[in-house]
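Survey of secondary and tertiary structure
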Amino acid sequence: MYISPKINNMNIQMVDLRGQYLRIKNEIDQALEEALDSARFIRGPIVTRFESALADYTKSKYAIGVANGTDALQISYMALDIGPGDEVITPSFTFIATAEAAALLGAVPVFADVDPDTFCLDPVSVEACITPRTRAIVPVHLFGQSTDMDPILSLSSKYDISVIEDNAQAIGATYKGVSTGSIGTMATCSFFPSKNLGAYGDGGAILTSDSELETRSRIITNHGGRHKYFNEVIGLNSRLDALQAAILEVKLKHLESFTELRRAAAARYHSLFEDIDEIICPYEADWGRHVYHQYVIRIKKRDELTKALTEAGIPYGIYYPVPLHKQPVFGGKANSIPLPETEKICNEVLALPMHTELTPTQQERIADIVTTHATSLIHG
Ligand SMILES: *Cc1c(COP(=O)(O)O)cnc(C)c1O
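Residues numbered from 1 in each chain as written. Predicted model: local features only at pLDDT ≥ 70, side-chain atom pairs only at ≥ 80, totals over all residues. Heavy atoms only, no water.

1. Quick notes on the overall build of the protein chain
The secondary structure content of the protein chain amounts to 12 helices and 11 strands. Expected size for 380 residues packed as a compact globule is a radius of gyration near 21 Å; at 21 Å, the protein chain falls within 12% of this value. By principal-axis analysis of the C-alpha atoms, the protein chain measures approximately 70 × 55 × 35 Å. By residue count, 54% of the 380 residues in the protein chain fall in the buried class. Considering only contacts in the protein chain between residues 6 or more positions apart, those separated by 24 or more positions represent 72%. When the accessible surface of the protein chain is totalled, it reaches about 16600 Å², and 53% of it is carbon and sulfur. Across the protein chain, the mean location of the 34 positive side-chain charges is 4 Å away from that of the 47 negative side-chain charges. (Helix = DSSP H or I, 4+ residues; strand = E, 2+ residues; numbered from the N terminus. Rg over C-alpha atoms; globule rule 2.2 N^0.38 Å. Buried < 20%, exposed > 50% of the residue type's maximum accessible area, 1.4 Å probe, protein only. Contact = heavy atoms within 4.5 Å. Areas by Shrake-Rupley, 256 points an atom, 1.4 Å probe, with all protein chains shown as cover. Lys, Arg positive; Asp, Glu negative; His and termini not counted. Charge placed at Lys NZ, Arg CZ, Asp CG, Glu CD.)

Have a look at this one:
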């Protein structure tokens with residue numbers, strides 16, 4: 001049956017940035033006015049204030065604002081002096097930036113498999129990737145849930161390798177009572193608008209509690225110099241600007257309540273899909289808090305479901321359809337180990353709308369399409 005998108009238009013969006021802005025409009029507008037009035041657009045007190053609020057929130061000693069989450073990764077790799085000939089272990093099931101930033105420095109990304117429940121790095125696979133050239137392991141806390149970090153930290157000390165947490169999707173998540181982003185040697189954040197803590201433009205941050213790495217990172221973000229016109233190392237120009245910092249400072253104050261809204265929406269999806277065997281709901285590990293950057297189900301025959309969702313005017317996302325080891329840019333370099341879970345997951349994952357403004361009625365409508373379709377595949 002074809003259902004016209006117009007008839008069923010409940011204005012369901014993947015992410016409702018405008019709705020969320022309207023919820024906090026007064027505070028945002030006031031913060032922007034202050035930032036404009038200060039006319040300190042690059043560096044300055046608002047950026048410093050946000051950095052220290054972010055460090056507090058993530059329980060890290062230092063937070064360094066940068067231009068975006070990809071730069072945060074690149075600068076972290078540079079601060080650890082990772083370059084040509086070095087190997088960096090990342091999941092293959094992640095956004096390109098995690099590996100791209102290493103490749104840009106001449107390092108070789110080595111792809112490990114993920115756990116089929118959490119979609120995060122599988123430590124057994126990681127250990128199989130370790131060679132004398134391995135310099136870092138980069139766990140990605142995918143879709144808002146922490147990687148099982150204890151086994152990764154054991155490998156880190158056993159082989160003397162740094163750990164950089166790619167925390168782009170998981171700000172606010174915890175692992176055994178500790179905030180993600182404060183567990184590894186360094187961590188990176190992205191403030192891309194659709195992330196859980198999103199700016200109204202690009203932004204990112206590096207987190208660390210190591211003062212030497214903090215200093216090195218700051219120097220790199222500023223053309224490799226501590227003082228203007230004195231350059232010690234090759235760096236780049238990567239800064240968080242004051243307007244974005246002003247917005248982020250407001251939104252950070254709301255992050256806990258926004259996270260609870262996401263978790264409540266996830267709980268509603270869970271109960272709507274509870275009795276549907278054909279749908280595998282996101283797994284919540286008991287080691288911490290999942291912050292649901294995305295609500296990702298697994299389903300066989302995904303193509304038929306995406307067709308039904310499109311016909312019903314319901315948006316969805318597929319993160320990620322092609323694993324990194326199969327991307328043309330990394331193709332040709334044989335992966336050192338097989339990645340069976342990653343290859344299976346890529347064909348089955350489907351992200352449903354997830355944001356702070358999602359209503360129960362919208363979710364019932366979404367679940368209706370998903371469950372009708374999922375069950376008809378089996379019985380129809
Ligand atoms: C978004 C994201 C990044 C990159 O962040 P940008 O701010 O877009 O550069 C890196 N890694 C992961 C896992 C991400 O989701």
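Now that the structure has been shown, we can carry on.
2. Quick notes on the packing of aromatic side chains
This model, assessed by the stated rule, comprises 13 aromatic pairs. Between Phe119 and Phe143, the aromatic rings sit 5.7 Å apart at their centres with planes inclined by 85 degrees, giving edge-to-face as the arrangement. Highlighted residues: Phe119 in the loop between strand S3 (108-112) and helix H6 (123-129) and Phe143 in the loop between strand S4 (134-137) and helix H7 (149-159), separated in sequence by 24 residues. Residue Phe119 is classed as buried on the basis of its relative accessible area of 7%. For Phe143, a relative accessible area of 3% corresponds to the buried category. (Phe/Tyr/Trp six-rings, centres within 6.5 Å; stacked < 30°, edge-to-face > 60°.)

3. Observations regarding the packing of helix H4 (residues 69-79) against helix H8 (residues 211-221)
Here H4 crosses H8 at 120 degrees, and the two axes come no closer than 9 Å. With respect to H8, the axis of H4 lies oblique. Crossing angle aside, the handedness with which H4 passes H8 is right-handed. Residues Ile75, Met78 and Ala79 of H4 form the contact with H8, whose own contacting residues are Leu213, Arg216, Ser217, Ile220 and Thr221. Grouping the amino acids of the contact of H4 with H8 by side-chain chemistry returns five nonpolar, two polar and one charged. (Axes fitted to C-alpha atoms, helices over the stretch in contact; angles between N-to-C directions. Parallel < 35°, antiparallel > 145°, perpendicular 65-115°, else oblique. Left-handed = near helix turned anticlockwise from the far one by under 90°. Nonpolar A, V, L, I, M, F, W, Y, C, P; charged D, E, K, R; others polar.)

4. A look at the site of the ligand
Residues in close proximity to the ligand total 14 residues, the closest being Gly69, Thr70, Asp166, Ser190 and Lys195. The separation between an oxygen atom of the ligand and a polar main-chain atom of Gly69 is 2.8 Å. Measuring from an oxygen atom of the ligand, one finds a side-chain N or O atom of Thr70 at 2.5 Å. Within the complex, the protein chains bury 92% of what would otherwise be the 380 Å² of accessible surface of the ligand. Of all elements in the fold, only H4 and helix H5 (97-104) reach the threshold of two or more residues within the shell around the ligand. (Near = heavy atom within 4 Å. Polar contact = N/O pair within 3.5 Å; in protein donor to acceptor, adjacent residues only side chain to side chain.)

5. Some points on the side chain of Ser179
With respect to the secondary-structure elements, Ser179 resides in strand S7 (residues 178-179). Of the residues examined, Ser179 reaches a relative accessible area of 14% and is grouped as buried. Each residue touching Ser179, except ones within four places of it in the same chain, is listed here: Tyr57, Thr58, Lys59, Ala173 and Thr174.

6. Topic: the nonpolar core
Counting residues in hydrophobic clusters, the biggest one holds 29 residues, and the most contacted among them are Phe50, Leu54, Phe191, Leu197 and Leu248. Listed by contribution, the elements that provide at least two residues to this core are helix H2 (25-38), helix H3 (45-58), strand S8 (186-190), strand S9 (204-208) and helix H9 (242-273). Discounting residues that sit within four places of it in the chain, Leu197 has contacts with Phe50, Leu54, Ile171, Ser190, Phe191, Leu248, Lys251, Leu252 and Leu255. (Core = buried A, V, L, I, M, F, W, Y, C linked by side-chain atoms within 4.5 Å.)

7. Comments concerning H5
Among the residues of H5, Ala97, Thr98, Ala99, Ala101 and Ala102 are the ones counted as buried. Contacts made by the buried residues of H5 are with H4, strand S2 (87-91), S3 and strand S5 (162-166).

8. Details of the pattern of salt bridges
Where charged atoms from two side chains of opposite charge come close, those side chains can pair. Tallying each qualifying case throughout the model produces 16 salt bridges. The closest approach of N and O atoms between Lys25 and Asp29, which form a salt bridge, is 2.6 Å. Placement of both Lys25 and Asp29 in helix H2 is noted, with a separation of four residues, approximately one turn of the helix. The salt bridge involving Asp150 is made with Lys176; its shortest N-O contact spans 2.7 Å. Highlighted residues: Asp150 in helix H7 and Lys176 in the loop between strand S6 (174-175) and S7, separated in sequence by 26 residues. Taken together, the salt bridges that share partners define one network made up of Glu34, Arg49 and Glu249. (Salt bridge = Lys/Arg side-chain N within 4 Å of Asp/Glu carboxyl O.)

Note that every value here comes from positions in space, so none of it alone points to a role or purpose.
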